[in-house]
Amino acid sequence: MGTNTSPGKRSPVWLVISLAAAIIFWQVVADYVVRNKFILPSATDTFAAFLQLWAGGTIWIDIWTSLMHFAIGLLLALAIGVPIGICIGWFEKVNRLLDPLIEIIRPIPPLAWIPFAIVWFGLTDFSAGFVIFIGSVFPILINTYEGFRSVPRVFVEAGRMLGCTSSLSLIRYIALPAALPHLAAGFRIASGVAWMCLVAAEMFGVSRFGLGQKIWWYYNLHQMDSVLVYMLLLGFIGLFIDYLFRYGIDHSLLRWRVGEVN
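Think of each chain on its own: its residues are numbered from 1, step by step along the sequence as written. Note on the predicted model: pLDDT of at least 70 is required for a residue's local features to be given, and 80 or more for side-chain atom pairs to be given and counted; whole-chain, interface and lining totals, by contrast, use all residues. Hydrogens and water molecules were not included; the side-chain quantities draw on all heavy atoms of the structure.

> How do you make sense of helix 1 (residues 12-34) when you look at a structure like this?
Along an α-helix, residues three or four positions apart point the same way, because every turn accommodates 3.6 residues. Runs of H or I in DSSP of at least four residues are treated as helices and runs of E of at least two as strands, each being numbered from the N terminus. In this scheme, a helix's expected span is set at 1.5 Å multiplied by one less than its residue total. For helix 1, built from 23 residues, the straight-helix expectation of 33 Å at 1.5 Å per residue is met to within 8% by its first-to-last C-alpha distance of 31 Å. Residues of helix 1 that are buried: Trp26, Gln27, Val29 and Ala30. The classification of residues rests on relative accessible area computed with a 1.4 Å probe and restricted to protein chains. Under 20% of the type maximum is buried, over 50% is exposed, and intermediate values are partly exposed.

> Could you clarify how one ought to interpret the packing of aromatic side chains in this entry?
Aromatic ring pairs: the centre-centre distance and the angle between the two ring planes describe each pair. Any Phe, Tyr or Trp ring, taking Trp's six-membered ring, that has another such ring centre within 6.5 Å forms a pair; planes under 30 degrees apart are called stacked, those over 60 apart edge-to-face, and the others tilted. Throughout the structure, instances matching the rule amount to 11 aromatic pairs. Considering the side-chain rings of tryptophan 113 and phenylalanine 130, the 6.0 Å spacing of their centres and the 75° angle between planes classify their relative orientation as edge-to-face. Of the two residues, tryptophan 113 sits in the loop between helix 4 (92-105) and helix 5 (114-121) while phenylalanine 130 sits in helix 6 (residues 125-149), which places them 17 residues apart along the sequence. Residues tryptophan 113 and phenylalanine 130 agree in their burial class; the two are buried.

> Looking at this structure, how should I read the layout of surface pockets?
The rolling of a water-molecule-sized probe over the atoms marks out the regions of remaining empty space. In this structure, the largest pocket occupies an estimated 420 Å³ of space. In this analysis the probe radius is 1.4 Å and the grid spacing 1 Å, with only protein atoms considered; a cavity is a set of points the probe fits into but cannot get out of, a pocket is an open set with protein on both sides within 12 Å along at least five of seven lines, and lining residues have an atom within 4 Å of a point. If you go around the largest pocket, the residues you meet are Leu19, Ala22, Ile23, Trp26, Ala43, Thr46, Phe47, Phe50, Val229, Leu232, Leu233 and Phe236. Of all elements in the fold, only helix 1, helix 2 (43-56) and helix 10 (224-253) reach the threshold of two or more residues within the lining of the largest pocket. Classifying every residue of the lining of the largest pocket gives 11 nonpolar, one polar and no charged. Grid points are joined across faces, edges and corners, and a volume is the space filled by probe spheres set on the points. Nonpolar residues are Ala, Val, Leu, Ile, Met, Phe, Trp, Tyr, Cys and Pro. Charged residues are Asp, Glu, Lys and Arg, and all others, Gly as well, are polar.

> Can you help me understand the packing of helix 2 against helix 3 (residues 58-90) in this one?
To describe two helices that pack against each other, one gives the angle between their axes and the distance between the axes. Between N-to-C directions, angles span 0 to 180 degrees; the directions come from axes that are lines fitted to C-alpha atoms, helices contributing only their stretch in contact. Remark: helix 2 packs on helix 3, axes separated minimally by 5 Å, with the N-to-C direction vectors making an angle of 85°. With respect to each other, helix 2 and helix 3 are oriented roughly perpendicular. Counted together, Phe50, Leu53, Trp54 and Gly56 of helix 2 and Thr58, Ile59 and Trp60 of helix 3 form the full contact between these two elements. When its residues are assigned to classes, the contact of helix 2 with helix 3 shows five nonpolar, two polar and no charged. Roughly parallel here means an angle under 35 degrees, roughly antiparallel means over 145, roughly perpendicular means 65 to 115, and every remaining angle is called oblique. Whether two residues are in contact is decided by their heavy atoms, any of which lying within 4.5 Å being enough.

> Looking at this structure, I do not really get a nonpolar patch on the surface. What am I missing?
On the surface, Phe116, Val119, Trp120, Phe121 and Phe126 cluster together into a nonpolar patch covering about 580 Å² of accessible area. Turning to its location among the elements, phenylalanine 116 is positioned in helix 5. The patches reported here contain residues having more than 30% relative accessible area and no salt bridge. Joining distances are 9 Å for like charges and 5 Å for nonpolar side chains (Val, Leu, Ile, Met, Phe, Trp, Tyr). Surface accessibility follows the Shrake-Rupley procedure with a 1.4 Å probe radius. Residue values consider only the protein chains on display as shielding. A pair is scored as a salt bridge if a Lys or Arg side-chain nitrogen falls within 4 Å of a carboxyl oxygen belonging to Asp or Glu.

> Explain the pattern of salt bridges to me, please; I cannot follow it from the model alone.
Proximity of charged atoms lets side chains of opposite charge pair with each other. In this structure the tally under the stated criterion is six salt bridges. The salt bridge involving arginine 188 is made with aspartate 242; its shortest N-O contact spans 3.1 Å. Highlighted residues: arginine 188 in helix 8 (residues 167-203) and aspartate 242 in helix 10, separated in sequence by 54 residues. Each of Glu92, Arg96 and Arg149 takes part in salt bridges that share partners, so that together they form one network.

As structure tokens, this is what we get:
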């Protein structure tokens, strides 16, 4: 009889097999098909470049700088996006007032703000954080709005019967818990968008350090093995951040959805 494994608890053996197969395929293609280190460095070349960068020590500065930019932008997006989303989702007059302005600004790509970010903040951490904020604030805002707009009226009526007579108490005890799944989804989407905006902002000169900045730097030096090192670092760190947020949200804010309430 076979054993069933749940989708969320797959065996790590398959992960190792998948990664090993991808690395072998990469090595074979680079050495025997492409045979040009500038077009496609091999896995061994990339690993050697990683060891060299590790020994140099600057790689840690770039990782720390990028994480700082990411945190500045995402925390600012949360601090602004959630309150505005609550207001436009709960109060119809506020929605009518702010919706046209939001819909005008929202389609503007985050990269279009880079000139103003440099002019306003210079080549600082806040300049990169501002570009990340622009990219991540709207997923949070829109999902918060949708969460509050979709709160069942029966929840609101039940809250009033139980003593929540003011809008503030209804938001705190009724609407916010009901909208948490939407907020969690918006936060995860925003974190992914923020990570992509971080790379673009750093590559276009908003920062003197960072993972994205070093990709462009090593490209100009024609050191494509180092470019691949930083690309892989972006992928692995982004994966770790997504898993961290997913675990933190599912096992704290949304435990009731996965049947883990004690």
